[in-house]
Amino acid sequence: MARTTPRTTRRLTRSLVSVGVIVLLAVGAGCAGRSDDGSAGLRVLVPNAPGSGYDVTARTAAKTLADAGIARGVEVFNLPGGGGVVGLRRLGYERGNPRLMMLMGLGVVGSQYAWSPRVTLQDTTPVARLIEEPAIVVVTRDSPYHDLTELIAAWRADPASVPVGGGSSAGGPDHLAPMLIADAVGIPPRRVSYRQFDGGGDLLAAILDHQVDFGVSGRSEYADQIASGQLRVLAVTSEFRIPGTDAPTLRERDVDVVFTNWRGIVAPPGLRERDVAALRDMVARLHGSAQWRAVLAKYGWTDAYLDGPAFGDFLRAENDRLAHALDGLGLNPPATAAVPRSGG
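Residues numbered from 1 in each chain as written. Predicted model: local features only at pLDDT ≥ 70, side-chain atom pairs only at ≥ 80, totals over all residues. Heavy atoms only, no water.

A look at the pattern of salt bridges
Evaluation of the coordinates by the stated rule reveals 11 salt bridges. Note that aspartate 55 and arginine 59 form a salt bridge whose closest N and O atoms lie 2.9 Å from each other. Linking aspartate 55 with arginine 59, this pair stays in helix 2 (residues 53-67), spanning four residues, or about one helical turn. Aspartate 67 is the partner of lysine 63 in a salt bridge, and the nearest nitrogen-oxygen pair spans 2.7 Å. One end of the pair is lysine 63 and the other is aspartate 67, both in helix 2 and four residues apart, which spans about a single turn. According to the relative accessible area criterion, lysine 63 is exposed, its value standing at 53%. Here the salt bridges share partners, and the residues they tie into one network are Glu133, Glu221 and Arg263. (Salt bridge = Lys/Arg side-chain N within 4 Å of Asp/Glu carboxyl O. Helix = DSSP H or I, 4+ residues; strand = E, 2+ residues; numbered from the N terminus. Buried < 20%, exposed > 50% of the residue type's maximum accessible area, 1.4 Å probe, protein only.)

Section: helix 10 (residues 290-299)
The set of residues buried in helix 10 consists of Trp292, Val295, Leu296 and Tyr299. Seen along its axis, helix 10 keeps its buried residues to an arc of 100°; they face one direction. What points out from helix 10, more than 90 degrees from its buried face, is the exposed set Arg293, Ala297 and Lys298. Looking at the buried residues of helix 10, the elements they touch are helix 2, strand 4 (125-140), helix 9 (273-287) and strand 10 (302-307). A positive backbone phi angle near 75° is found at glycine 300, which sits one or two residues after helix 10. (Arc of directions from axis to C-beta. Contact = heavy atoms within 4.5 Å.)

What to know about the packing of helix 2 against helix 10
Between helix 2 and helix 10, whose axes approach to 9 Å, the crossing angle comes to 150°. One element, helix 2, and the other, helix 10, form an angle in the roughly antiparallel class. Considering the relative orientation of helix 2 and helix 10, their crossing is right-handed. For the pair helix 2 and helix 10, the contacting residues are Val56, Thr60, Ala61, Thr64 and Asp67 in the first and Gln291, Trp292, Val295 and Tyr299 in the second. Of the residues contributing to the contact of helix 2 with helix 10, the split by class is five nonpolar, three polar and one charged. (Axes fitted to C-alpha atoms, helices over the stretch in contact; angles between N-to-C directions. Parallel < 35°, antiparallel > 145°, perpendicular 65-115°, else oblique. Left-handed = near helix turned anticlockwise from the far one by under 90°. Nonpolar A, V, L, I, M, F, W, Y, C, P; charged D, E, K, R; others polar.)

So this is what it looks like as structure tokens:
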């Protein structure tokens, strides 16, 4: 039997301590990988390009989740195409995935009429409606139209020569708002020259490049350009003026239209009940936070929160409402079209 000396004992002790430290580090690393935070690895899909209203809302919500200590490291990524249809298709592929949500709104409801996709909002899991936001009518600072009255006069005289741009497909908010305005001022909506862009970022470039005479979009998308003087707001579509925006309502200019857009969150189909509950709880905590109230005030958004089941009922009703609105304007849904490939 080997004899153990004091020096051997000390070496053995140091070895055992080293092994113990390595084991503890390994266990700690394993525990870190199994975070108790139900939001770990959560991603938010934005179904159009950076700079859009969806993009601004999604990135603001992700930052607010972190600021409020509700969820950290939420990743936001863009998957543009078809006014939201490509995003819908991706959500369908992710069936059962509790780590993915999609920021969406009225534009995605409208895109279903433009493209007749295989996956629709009725196939998704409703999480919550978050906000409402009025639209704005904007022109460049060097536009010949200094107020809404001048714009409407030129538009009435020759609708085809005064193109309007929007960041949504037929039936989306940027399309529906100018069609309602045209109808209210006596312009047949079918005569309106509407040019579609995939989100507010693409639309902004088109406005500044004078590809369109005016644009219709959400105020939050162009807050910086309005503040810098690159864009001028001729009117807002809300019932009352928007604080911080020096522009009249449509009704103040004798155009009897009040219109608001909304945005919410849906998740893939086929989620387990506990996963649905976790997502809804997280968004409910976001809605209830002081940080989110500050965000609403900053962007001029109206709190329009609806939890999952109520939001699901709203989506079904909104689908029917939009179909009737398009029919009433003489803009019946087009024939089935192929869904375009994603641009990114």
